[in-house]
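# Working through the structure, step by step
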Amino acid sequence: MAVFVVFQTTFFLTLLSLRTYQSEVLAERLPLTPVSLKVSTNSIHQSLHLQWTVHNLPYHQELKMVFQIQISRTETSNIVWVGNYSTTVKWNQVLHWSWESELPLECATHFVRMKSVMDDASFPEPNFWSNWSSWEEVSVQDSLGRGILFVFPKDKLVEEGSNVTICYVSRNIQNNVSCYLEGKQIHGEQLDPHVTAFNLNSVPFIRNRGTNIYCEASQGNVSKGIEGIVLFVSKVLEEPKDFSCETQDFKTLHCTWDPGTDTALGWSKQPSQSYTLFESFSGAKKLCTHKNWCNWQITQDSQETYNFTLIAENYLRKRSVNILFNLTHRVYLMNPFSVNFENVNATNAIMTWKVHSMRNNFTYLCQIELHDEGKMMQQYDVSIKVNGEYFLSELEPATEYMVRVRCADASHFWKWSEWSGQNFTTLEAAPSEAPDVWRSVNSEPGNHTVTLFWKPLSKLHANGKILFYNVVVENLDKPSRSELRSIPAPANSTKLILDRCSYQICVTANNSVGASPASIIVISADPENKEVEEERIAGTDGGFALSWKPQPGDVIGYVVDWCDHPQDVLQWKNVGPNTTSTVISTDAFRPGVRYDFRIYGLSTKRIACLLEKKTGYSQELAPSDNPHVLVDMLTSHSFTLSWKDYSTESQPGFIQGYHVYLKSKARQCHPRFQKAVLSASMLIHILLPMVFCVLFIMIVCYLKSQWIKETCYPDIPDPYKSNILSLIKFKENPHLTIMNVSDCIPDAIEVVSKPEGTKIQILGTRKSLTETELTKPNYLYLLPTEKNHSGPGPCICFENFTYNHAASDSGFCGHVPVSPKAPPSMLGLMTSPENVLKALEKNYMNSLGEVPAGETSLNYVSQLASPMSGDKDSLPPNPVESPHCSEYKMQMAAPLHLALPRPTENSSLSSITLLDPGEHYH
């Protein structure tokens, strides 16, 4: 005990001495600047490798330190990277650190320096950074050789989608350098006169053998050299998918996964990714030799739980996935074996099988599937220990089945095993259904010729291979007489000749086990040549739709029969007793083929009675040929056409009639001439729209009749209903209904001369829209005559040209001024247009003066219109009142050269009425 106390005291004293020494040492500021800094390059990895030491560390002491590193490019002031590196430093230890450059090291000079600081808890605060070490320069351009152009990096390996920087070094700055990526020119940034760098972003995977990049130096059009590199771009390493492990025998774990895309590159630049299995509980590791599976040996140390990590690795990166599982929950059984069948008969069988033994008290869940002709019919589940057995029932006779079985762990289901199967065939049984039988009867004098038909039994009802058919013919009038015929299969018909007695015919199908139930049909002694009217029917794409009247009395069913062409095989269809319609559809129906259907009713005595006949085409076609026509009884005015031996039933459609075309010998009929016959639906589509259109037009015309009347043939104006009367203020006679000239402002006729080719002068004082220059208009004033004048006063007459357009040719109505002393005979002379023209030309052309050549127009100036500027003074200030106008005559435009002169003070106007030939003067 004393020795222990002494030892403990000595230990504490020693420890106290060490701590005191340490405090004294650390109290001083030690110069911990990194020294002996050396920088080397690795061209393959494009990295700088640094190594250095730290002096003045305590002897045999480990201290945690932080080193700050600066890296410059081209010059020391161009710092491209700054970072910290933390590590534990020992006395006299050489430290190492690497930095990978994005720019190839050959393309620029690099400079490196560092400083340090203590980061240990045993040091008192505060801590100070040391001084920077001196810059270390590293350059590899001096070792490039004597070439004129270099491209870097050489054979670089990157992942798809990475960013890569390449560069070229040109010895001669006079050279023009162009660089290309897979033949497409790229552009970069010039770092110095000799170096240019290119940043390639998200480089794609192009091929396994790499991406080609090259640069060409030239002066003018002369190439000085080409230099290139291969950039190896690999697919990105994927994380393994569907990683799983399972056992079939509790001895080996079989692990599988989906490796994804292979990242291997050509020329072995990068091999395929490798896979490693690591089990964390045992610490065991295994390098897998396959890319998608690996086996792990199970030890006998009763380990039940496994924690696997699958590591995928290539030159550039690592990926990993993890699974944790219990061994008993990952049991994948081997296939069952020794599958057999016992006690097989027509409808039952016993199936047996075995499974591979696993552990004691292991329970298996097995699944059984029964297949018939490739289709699964039944599925069963059963639990077993080692040997399996199952009773299969309700099977079909004479049927080949395929049965398969698979098993799994019943306690902890993981997955089914693979299938194990075997075929077997059940035994035959007697046919279970009577054959479908029909007959065709041809009655002749003294006997019946009966052709008997039957359909083969289906596999479901045959219960084996049909060997023969038994036909028993029994005379119902003489029951002692019967006949048996055996018809070997696969025949399906036979012909019987019977006398005029009633017969019952029984047909059975037979296999190796026995006979089917009998199918019975009765042939009556009466002849079957019953006359039934034939009805035409039209087929459709779905076949023929048939219907018939129900048979009076008791019937057990109906039968519809027909013949399939061109084989002319009798076909039939059975219909229930409560059905009076059916659809006959088959792929054998062809367009242009006529099908005849017969409908029979079956009585309770099994006697068939013909009810109806129907005939039709599934699709009618045009006639196949023309009839053979004979011409006889030829006369000068007639002839007779006849044709015979023309079978309409052989035609591809019903013959509805015949068309006879007659042409003269000189004319030729078109070889493709066809007659178009409009059907009643077609006529309705044409006539109905026409009727509606006519009715619509009639309604519109009726509604617009007044407008059409006023537009096309307006009423002749009634002078007693003129609107002008409402505007005149009568002073003397308020009941005056006719307008007097004395009540009106005298009218003026404006004579306007314009060059030829211009448009018509607008009425009134307005000018033509197309005229550019007009002469000053001359006015003719229609003034009243002197009061002492006994002749008729001046009168202006109007009439619509629409109703008497011939007036321009036959004469005109107007008031022409003449001398007051003019004899009445002169008035008569001027009733003809020729006299009028001569008189006007003689008396008034001189007063008008010379009118320029060209078109001259007459403009009517209304007596109610306001005088235009410049025209007021030309009107008489006090118009003389004239007597009433006694006539209403046609208005007519006289030729423009017959314009009237301006009246003088001494002149007076008299009225002349020009008449059409045959018109009397009033």
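Before reading on, note that the structure itself is shown above.
How each quantity is defined
Residues numbered from 1 in each chain as written. Predicted model: local features only at pLDDT ≥ 70, side-chain atom pairs only at ≥ 80, totals over all residues. Heavy atoms only, no water. Helix = DSSP H or I, 4+ residues; strand = E, 2+ residues; numbered from the N terminus. Buried < 20%, exposed > 50% of the residue type's maximum accessible area, 1.4 Å probe, protein only. Contact = heavy atoms within 4.5 Å. Patch = residues over 30% accessible without salt bridge, like charges linked within 9 Å, V, L, I, M, F, W, Y side chains within 5 Å. Areas by Shrake-Rupley, 256 points an atom, 1.4 Å probe, with all protein chains shown as cover. Salt bridge = Lys/Arg side-chain N within 4 Å of Asp/Glu carboxyl O. Pairing = 2+ DSSP bridges. Axes fitted to C-alpha atoms, helices over the stretch in contact; angles between N-to-C directions. Disulfide = S-S within 2.5 Å. Core = buried A, V, L, I, M, F, W, Y, C linked by side-chain atoms within 4.5 Å.

## Overview of the overall build of the chain
On a plain count of helices and strands, the chain comes out with seven helices and 49 strands. Residues counted as buried form 36% of the 922 residues belonging to the chain. Intrachain contacts of the chain at a sequence separation of at least 6 include 65% that bridge at least 24 residues.

## Description of a nonpolar patch on the surface
Together, Val629, Val631, Leu634, Phe639, Leu641, Trp643, Tyr658, Val660 and Leu662 make up an exposed nonpolar region whose accessible area comes to about 880 Å². Tracing the sequence through the fold places Tyr658 in the loop between strand E46 (640-643) and helix H3 (680-703). Relative accessible area serves as the criterion here: at 39%, Tyr658 is assigned to the partly exposed category.

## Some details on the environment of Ile213
Mapping Ile213 onto the fold places it in strand E15 (residues 211-219). Residues Ile213 and Val151, spaced 62 residues apart in sequence, show a C-alpha to C-alpha distance of 8.8 Å.

## Some remarks on the pattern of salt bridges
On inspection of all chains with the given rule, the structure shows 18 salt bridges. One salt bridge connects Lys415 with Glu246, and the closest N-O pair in it is separated by 3.2 Å. Linking Lys415 in the loop between strand E29 (400-409) and strand E30 (420-425) with Glu246 in strand E17 (residues 241-247), this pair joins segments that are 169 residues apart in sequence. With relative accessibility at 31%, the residue Lys415 sits in the partly exposed group. For Glu246, a relative accessible area of 12% corresponds to the buried category. Taken together, the shared-partner salt bridges connect Glu535, Glu612 and Lys614 into one network.

## Here we look at the sheet that holds strand E5 (residues 94-100)
Taken together, three strands build an open sheet; the order of strands is E1-E2-E5 and the sheet is antiparallel. With one partner strand each, in any of the chains shown, strand E1 (34-42) and E5 form the two edges of the open sheet. Strand after strand, the sheet turns through a mean of 20 degrees between neighbouring axes, direction not considered.

## Brief notes about the state of the cysteines
Tallied over the entire structure, the rule returns four disulfides. The disulfide that involves Cys107 links it to Cys167, with 1.3 Å between the sulfurs. One quick way to see it: the torsion about the S-S bond of Cys107 and Cys167 is about 45 degrees, and its sign makes the bridge right-handed. Remark: Cys167 occurs in strand E10 (residues 164-170) and Cys107 occurs in the loop between E5 and strand E6 (110-118); sequence separation between them is 60 residues. Look at Cys167 and you get buried, because its relative accessible area is 1%. Across the disulfide from Cys179 sits Cys215; the S-S distance is 2.0 Å. Linking Cys179 and Cys215, the disulfide has an S-S dihedral of approximately 105 degrees and is accordingly described as right-handed. Of the two residues, Cys179 is situated in strand E11 (residues 176-181) and Cys215 in strand E15; the sequence distance between them amounts to 36 residues.

## A few points about the pairing of strand E3 (residues 63-73)
Taken across its eleven residues, E3 has ten buried, putting it largely inside the fold. Alignment of E3 against strand E4 (residues 79-89), held across ten bridges, turns out to be antiparallel. Bridge assignment links Ile71 to a residue of E4, and that residue is Trp81. Taking the residues that link successive antiparallel strands as the turn, the E3-E4 hairpin has five residues, and the phi of Thr74 there is positive, at about 75 degrees. Where E3 lies against E6, nine bridges are found, and the strand directions are antiparallel. Within E6, the position partnered with Ser72 by the bridge is Phe111.

## Section: the environment of Val403
Mapping Val403 onto the fold places it in strand E29. In the structure, Val403 is positioned 24 residues away from Gln379 in sequence and 9.8 Å away in space, judged by C-alpha atoms. Excluding its chain neighbours within four sequence positions, the residues that come into contact with Val403 are Phe341, Met351, Ile368, Glu369, Leu370, Leu392, Ser420, Gly421, Gln422 and Phe424.

## Observations concerning the nonpolar core
Counting 45 residues, the largest nonpolar core has Phe243, Leu253, Leu277, Phe308, Met351, Trp353 and Cys366 as the members making the most contacts within it. In this structure, Leu277 is in contact with Phe243, Cys255, Ala284, Lys285, Lys286, Cys288, Cys294, Trp296, Phe308, Thr309 and Leu310, ignoring residues within four places of it in sequence. By size, the runner-up hydrophobic cluster in this structure holds 31 residues, among which are Val471, Val473, Val559 and Leu610.

## Digging into unusual backbone geometry
With an omega of 5 degrees, the peptide bond between Phe152 and Pro153 qualifies as cis. With respect to the helices and strands, Pro153 occurs in the loop between strand E8 (149-152) and strand E9 (157-159). A cis amide bond, omega 10 degrees, links Ala489 with the succeeding residue Pro490. Mapping Pro490 onto the fold places it in the loop between strand E34 (482-488) and strand E35 (493-499). Backbone geometry places Thr74, a non-glycine residue, at a positive phi of 75 degrees. When its relative accessible area of 44% is taken as the criterion, Thr74 is described as partly exposed. Phi is positive for Asn463, which is not a glycine, with a value near 55 degrees. Mapped onto the fold, Asn463 is located in the loop between helix H2 (459-462) and strand E33 (468-475). Owing to a relative accessible area of 6%, Asn463 belongs among the buried residues under this scheme.

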